[in-house]
Every structure is written in C-alpha cells, then in structure tokens.
Amino acid sequence: MPVLDAALFRPGFLWGAATSAAQIEGAADTRGPSIWDRFCAEPGRIMDGSNIDVACDHVHRFHEDVQLMRWLGTKAYRFSIAWPRVQPDGRGAWNEAGFAFYDRLIDELVAAGIQPHVTLYHWDLPAALHDDFGGWQSREVVPLFAAYAAEVARRFGSRVKSIATLNEPWCVATLGYETAQFAPGLTSRAAAAQVSHHLLLAHGAAIEAMRQVTRTPLGIVLNHTPAFPAEPTEADRRAARLDDGLNVRWYMDPIFRGSYPADVIEHLGADAPKTEPGDLERIAQPLDFLGVNFYTRSFISTQQPAVPAPGAMGFTDMGWEVYPKALTQHLVRITREYSPPPIFITENGMANPDTVTGGRVHDEARINYLREHLLAVSRAIELGVDVRGYFYWSLLDNFEWNSGYTKRFGLFHVDYATQVRTAKDSAHWYREFIRQHAAVASGS
Ligand code: FCB
C-alpha cells in the first residue's frame, strides 16, 4: 500500500480548512435575506425541513472556531462573505455591522497565525436581487456584483491572502436554475445557460474592479467532477465527453481561452446563452490562482438500466464514489490543456454518518479518504502540477444545502442542540500530518 509521507509536499505548502457563510454563520436576523432563506422556507425543498437561521452559530462563536483551527494547526482558512450581510439588498447601503463581523474574524485569524482566504459568492444571493431582477438570469446583477467585490477588496484586500470571486458556478447555474435542487429552485435549461454566462461575466467584471483597489491574489473556485465512460462504447464516450463539456470545459474554456466549447454550444442549441461583443474578453481576465473543488468522479452510462459505478473504494454518505485517482489525472489534464495559474484544492472531503461516543468520533472512513486524496495530490505534484495548498471541506459539520443537517462533512462534529464542537479522529489525524509536514519542512 502506498505510504503518505509529509515530505512529498514542499515547505510552505498550505494546509487549510474551508466553510461558507450560509452553511455556518446563523445570526440570520442581523443580515438581509438570501435566496437560501427563501428556499428553506418552501416546503419539501430541504431534506430535514431545516433552515439557516442558526446553523453553527458561527457569528457568535467565531472566537472558539478560530481556536479550533489553531489547535488543528491549519495555517489557512477559506470562508465566504455573505453578500446580504454586508449589503442587505445587494445594492445601495452597506451594512457596517456586517463588515465589522468580518473585520473581527480577519483580525482574529491573523492574530492566530492563520491566513484568511475569502470567497465572495458562495450561493447566498441577496433575495432582493431575485425579486427585482430574477437573480443571475439578469445581466443587471453583473455590475452590482462587481461593485460589491470592489468594496470588499478595498476594505479587506490588504489583510486577506486571496479573494475568489465565485464558488462553483456550475452548481449555481445548473442545480439552482435547471434541476431545482438548489436555490432559487428553477427548472429551465435556457435560464441556467444564461445564468452561467452572467456568472462568468460577473467574475470577469469583479476581477477587473478588484484589480483597481488591491494587489492580493485573485481567482475563482470551480467544481470539477471528471467524467468517465462506464463502458468503452461510442455512446458512453460521447456522453462522458458532453458531461465534461458541461461541467469542466464550459467554465475553463472561457476563463482560460476566451471562448465557449463548440460542442456544448451545439448541444444547447436555442438554449445557448445570449452574449454581447466583448463579453468573452472580459471573462478571460488573467488570474493569480485557480481553486479546484474535487469530491468524486461521474460514471457515465447510456445503458438502461445504467451501469453502476464500481465503487471499489466505497461511497460516502452522499452516495458519492470514492475515486481519488481521478484527482491526480484531472490535475495533470487541466495543467496540460490550460496552463492554469497555481492551483489550490479549495475543497475536498466526505460526508460520514458520524456519532460521538465517549467524547470521540471514530471516522476511520474520513481518515482513509483524506489520506488517499492527499496521496493523489502529491502524485499530481510529482507529475509537475503546481498545487500550492489544500483545504479540507469542511472545518465543521454544517448545513449541507438541500440535505439540511443530515450530512456531516466536518473535521469537528457539531451537536446542533448544544453547539458543542468535538474533534473527530480525522481532525487528530490531519493535525498530526500537518505537524509532521512542519517538522520535515523545518528540517527538524
Ligand atoms: C460543494 C460546496 C460546499 C459543500 C460541498 C459538500 O459543492 O461548495 O458548499 O456543500 O460541496
């Protein structure tokens, strides 16, 4: 069995953990409503009927949560700013109390020796922008997002170590506007395609605006789920290629090549997005980093019934196949095809049905997942991929979108009745690995 050695990662490789505002913050009464508050209020949308009013109560407990990271030894924290917390209507007045919260959080992180890495949009669109414009379906949201981005960059740019514009635009567009699994819960392929274009445009416009006010590294976070044909048939290969087009190339091509993939445009036909002259140039802004979120692969079968994924390494509590090899392959592939800027693994992790027994959480499956994926990253580095850091998803168990609180991804277990956090065995493992890496890196 291959051994994971901390020396496989160069000194300075960044170890972190990630969260997002809607999933942990709570304190909903101190910000504007987002489309996720609305979505939670619609019967049948969230598996356990829950909402994000309290979540992990992080707004009141961030001090304790920073101490958890300090104990863990992670030197970086990826979190998102809730747009409706700093600008309740998504335009017009800023909420100074909202900015003050992030100001304190950043101070606290810096004081603990933890780098703040900010994401501007992790899905919590101010509800007012949905009411007034239909959310991302409207091009009007693009300059509003750029203005919000510039304001955050102006205030915090000198103290945060990076700013990512969007988290996983594929999820926002496809799950939010086409399959209705996520807010705002619409079911139109044409709308989703238009939304994806506006998201990309908003990304480009935000990068442009932020460059005027900060020198901190700027980038974007994409979710990549590499597609594999189930069988070596022409039909499965074509279907896998299309899946790759929709999930990977639809975002990578415009960002790094300034064009949409022709096969996907053809597939979308009349549903392809309307673009304006200059849009693609605007989207293809030079970036300082690329964030890759990786969880699993897609196993594409055109047979009826579909050929199931083999799952030799098991499936997570989300039903996602554990397939770390795809991470190595994918990182090598995107490096070869796109020559991207330095890469950070901005999310990777698993849901597991964790329970606390005698003050411990025995999540052996997560330790294996973590080890195998770090090994996969180290292989990609050996093969020449420029990966600079790794953020485990997630620091805490939290609100897993339409699964509510039924799925636990955290290194720390959260008891939602008491808000008690308990380090899982995986947290102890990650802590020890980070410690070993620090020791190797310092030559001791
Ligand atoms: C990603 C999201 C993140 C979390 C994980 C499990 O798609 O970015 O918020 O829900 O999945």
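Above this text is the structure in question.
The structure presented is a predicted model; accordingly, all values stated were derived computationally and were not measured.

Q: How would you summarise the sheet that holds strand 10 (residues 387-393) if you had to cite specific residues and measurements?
A: In spatial order, the strands read 1-2-3-4-5-7-9-10; together these eight strands close into a barrel with parallel pairing. If you compare each strand with its neighbour and ignore which way they point, the axes differ by 25° on average. Two elements, strand 3 (residues 115-121) and strand 4 (residues 162-167), share four bridges in a ladder whose sense is parallel. Across the sheet, the residue bridging to Thr 119 is Ala 164, located in strand 4. Helix 7 (residues 141-156) rests against strand 3 and strand 4 of the sheet, and its axis sits at about 165° to strand 3.

Q: Outline the pattern of salt bridges, supporting the account with residue identities and numerical values.
A: The final tally for this structure, using the stated rule, is 34 salt bridges. Between Arg 45 and Glu 42 there is a salt bridge; the shortest N-O distance is 2.8 Å. On the accessibility criterion, Glu 42 (32% relative accessible area) is partly exposed. In this structure, Glu 96 and Arg 155 form a salt bridge, with 2.8 Å as the shortest nitrogen-oxygen distance. Taken together, the positions of Glu 96 in helix 5 (residues 96-111) and Arg 155 in helix 7 put the pair 59 residues apart, joining distant regions of the chain.

Q: Any details on helix 3 (residues 58-72)? Residues and values, ideally.
A: Given a rise of 1.5 Å per residue, 15 residues ought to cover 21 Å, yet the end C-alpha atoms of helix 3 are separated by just 17 Å, more than 12% below that figure. A positive backbone phi angle near 90° is found at Gly 73, which sits one or two residues after helix 3.

Q: Explain the packing of aromatic side chains residue by residue, including any values.
A: Two descriptors summarise a pair of aromatic rings, namely the distance from one centre to the other and the angle between the planes of the rings. Enumeration over the complete set of coordinates arrives at 38 aromatic pairs. Measuring from centroid to centroid gives 6.4 Å for Phe 256 and Tyr 338, while their planes differ by 55°, and the two rings are tilted. Here Phe 256 is found in helix 10 (residues 234-257), whereas its partner Tyr 338 is found in helix 13 (residues 325-338), with 82 residues between them in sequence. Taking relative accessible area as the criterion, Phe 256 reaches 22% and is therefore assigned partly exposed. Both rings, one in Trp 320 and one in Phe 409, keep their centres 6.1 Å apart while their planes meet at 50°; by these two values the pair is tilted. Of this pair, Trp 320 sits in the loop between strand 8 (298-300) and helix 13 while Phe 409 is found in the loop between strand 10 and strand 11 (412-415), placing the two residues 89 residues apart along the sequence. Given the relative accessible area of 2%, Phe 409 is considered buried. An aromatic cluster of at least three residues, connected via ring pairs, comprises Trp 36, Phe 39, Trp 123, Phe 182, Phe 399, Trp 401, Tyr 405 and Tyr 416. We note Arg 155 situated over the ring of Phe 99; from NZ or CZ to the ring centre the distance is 3.8 Å. A cation sits over an aromatic face here: Arg 297 above Phe 228, 4.9 Å from the ring centre.

Conventions we followed
- Residues numbered from 1 in each chain as written.
- Predicted model: local features only at pLDDT ≥ 70, side-chain atom pairs only at ≥ 80, totals over all residues.
- Heavy atoms only, no water.
- Pairing = 2+ DSSP bridges.
- Helix = DSSP H or I, 4+ residues; strand = E, 2+ residues; numbered from the N terminus.
- Axes fitted to C-alpha atoms, helices over the stretch in contact; angles between N-to-C directions.
- Contact = heavy atoms within 4.5 Å.
- Salt bridge = Lys/Arg side-chain N within 4 Å of Asp/Glu carboxyl O.
- Buried < 20%, exposed > 50% of the residue type's maximum accessible area, 1.4 Å probe, protein only.
- Expected span 1.5 Å × (residues − 1).
- Phe/Tyr/Trp six-rings, centres within 6.5 Å; stacked < 30°, edge-to-face > 60°.
- Lys NZ or Arg CZ within 6 Å of the ring centre and 35° of its normal.

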